[in-house]
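Examining the three-dimensional arrangement
Listed here are the chains, written in short residue letters.
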Amino acid sequence: MTDKEKNEMVVTPWEVRGKVDYERLIREFGTQPLTKELLRKIEKRTGKLHLQLQRKLFFSHRDLDTVLDLYEKGIKFVLYTGRGPSGPVHIGHLVPWIFTKHLQEKFDTRLYFQMTDDEKFLVEDELKLKETVNFGYENALDLIALGFKPENTFIIFDAQDIDLLYDIALEVAKRITYSTAKATFGFQDSTNIGWIFWPAIQAVPCFIHAKLTGENVPALIPAAIDQDPYWRVTRDIAQKLGYYKPAQIHCRFLPGLGIGGKMSASEPETSIFVTDPPDVVKRKVWNAFTGGKGTAAEQRKTGAEPGICTIFQYFLYLFEEDDKKLSEREKQCMSGEVLCGDCKAELTERINRFLSEHCKKREKARNIVDKFHIKR
Ligand code: TYM
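This text gives an overview of the structure that appears in the document. Just so it is clear, the model here is predicted, and its values are computed rather than measured. (Residues numbered from 1 in each chain as written. Predicted model: local features only at pLDDT ≥ 70, side-chain atom pairs only at ≥ 80, totals over all residues. Heavy atoms only, no water.)

1. Observations regarding the nonpolar core
Ranked by internal contacts, the top residues of the largest apolar core, which has 74 residues, are Leu-53, Ile-91, Ile-155 and Ile-272. For Leu-53, the residues in contact, after removing those within four places along its chain, are Leu-34, Leu-39, Ile-42, Phe-58, Phe-99 and Ile-249. Of all hydrophobic cores here, the second largest spans 36 residues; its members include Tyr-112, Leu-165, Phe-187 and Tyr-243. (Core = buried A, V, L, I, M, F, W, Y, C linked by side-chain atoms within 4.5 Å. Buried < 20%, exposed > 50% of the residue type's maximum accessible area, 1.4 Å probe, protein only. Contact = heavy atoms within 4.5 Å.)

Rendered as structure tokens:
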């Protein structure tokens with residue numbers, strides 16, 4: 001791949017690379033920006049806005065306004081999100097899940113969570129079905145560790161639960177042409193036919209609530225914007241099947257520790273996995289790309305650039321809740337008062353503290369994971 005190709009923005013459900021231009025994605029994907037007016041509407045219902053909304057980490061949507069209006073009229077919605085279990089979860093995956101939990105608490109809704117062990121088997125050449133099924137189980141522990149409750153959280157393990165999904169998947173698949181799927185997902189002649197059918201399966205949980213309860217309500221999907229192509233095709237056929245169009249709220253990508261792109265399991269050295277031991281976290285953070293200068297002396301004199309620094313982004317996304325402290329860190333970085341080594345040491349400590357707690361909770365989750373498995 002040439003340098004030009006490497007820097008070019010690519011955002012698909014299976015690949016994100018280059019510098020992500022979120023304004024351009026809104027235009028090209030045809031989504032709506034999260035306006036101040038819409039944020040005020042959310043705030044009216046939830047009280048103080050969640051940090052991820054305040055900091056504009058969630059930035060775009062489809063039909064969120066419609067879903068909120070229906071909610072005010074007494075028509076609830078269900079939440080739907082998921083995970084493609086191709087390995088351990090990284091801290092980027094936690095970003096939309098943390099926000100989902102907030103929405104679930106504030107709106108008192110059910111969450112359907114799809115574990116796409118089938119997708120990852122079809123898409124990743126080297127993975128066996130047994131492996132993706134096992135990662136699915138392990139990844140479910142990470143979801144549960146965030147504090148979701150079994151009373152209103154329903155995990156669908158695709159390979160095991162396919163009988164529950166199959167009739168709706170067929171209805172969906174029959175209404176999406178190959179030419180639409182090809183244009184949306186970029187399928188090639190070499191794409192295996194399982195993968196070509198597969199998007200119908202990711203559509204199903206948008207509609208599963210009606211099948212399980214007889215109650216036809218819209219689904220709201222919090223996820224990063226890479227998943228949007230699925231919803232474009234699903235929205236096109238939803239009403240033909242007698243359902244609401246699923247709504248979305250899209251977040252930005254937690255960047256990897258290198259230059260450009262997102263944190264991605266396919267680049268393990270620039271990703272922090274929830275299962276990374278403290279010394280590995282330290283090494284990865286220590287090697288991160290920052291906005292620092294060539295020498296400490298130069299940086300003290302001219303300051304650094306938090307705007308391009310991955311370390312700063314981690315404080316912004318997950319590891320500094322206090323706005324004042326965050327803006328102080330930004331100023332001190334720009335003035336050269338704080339050096340990259342200081343921020344790296346502090347971030348390492350915060351990540352390791354978080355992961356140590358998270359791992360205890362994910363171990364406890366082993367005892368209760370069955371309670372979350374969707375029932376027929
Ligand atoms: P997957 O496993 O690629 O990603 C799981 C969720 O994490 C989001 N995500 C990120 N968010 C912030 N920063 C990042 N660096 C980052 N990387 C990934 C993804 O957008 C996603 O929300 N096909 C899906 C599984 C799925 C799904 C869904 C996801 C099935 N149904 C409904 C969202 C909503 C997948 O492979 O996700």
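Additional details are given in the paragraphs that follow.
2. Things to note about the site of the ligand
Taken together, 25 residues lie around the ligand, and Tyr-80, Arg-83, Gly-84, Gln-202 and Asp-226 are the ones closest in. Within the backbone of Leu-254, a nitrogen or oxygen atom sits 2.8 Å from a nitrogen atom of the ligand. Contact with the protein chains covers 98% of the free accessible surface of the ligand, which is 680 Å². When contributions to the shell around the ligand are tallied by element, the ones reaching two or more residues are strand 5 (78-83), helix 6 (91-107), helix 7 (117-123) and strand 8 (219-224). In terms of residue count, the dominant contributor to the shell around the ligand is strand 5 (four residues). Grouping the amino acids of the shell around the ligand by side-chain chemistry returns nine nonpolar, 10 polar and six charged. (Near = heavy atom within 4 Å. Polar contact = N/O pair within 3.5 Å; in protein donor to acceptor, adjacent residues only side chain to side chain. Areas by Shrake-Rupley, 256 points an atom, 1.4 Å probe, with all protein chains shown as cover. Helix = DSSP H or I, 4+ residues; strand = E, 2+ residues; numbered from the N terminus. Nonpolar A, V, L, I, M, F, W, Y, C, P; charged D, E, K, R; others polar.)

3. Some remarks on the pattern of salt bridges
According to the stated counting rule, one finds 24 salt bridges in the structure shown. Residue Asp-142 pairs with Arg-362 through a salt bridge whose shortest N-O separation is 2.7 Å. Here Arg-362 lies in helix 19 (residues 340-365) and Asp-142 lies in helix 8 (residues 129-145), a separation of 220 residues in the sequence. The partner of Lys-211 in a salt bridge is Asp-167, with the nearest N and O atoms 2.9 Å apart. Residue Lys-211 is found in helix 13 (residues 208-213), and its partner Asp-167 is found in helix 9 (residues 158-174); the two are separated by 44 residues along the sequence. Taken together, the shared-partner salt bridges in this structure form one network comprising Glu-138, Asp-142, Arg-362, Glu-363 and Arg-366. (Salt bridge = Lys/Arg side-chain N within 4 Å of Asp/Glu carboxyl O.)

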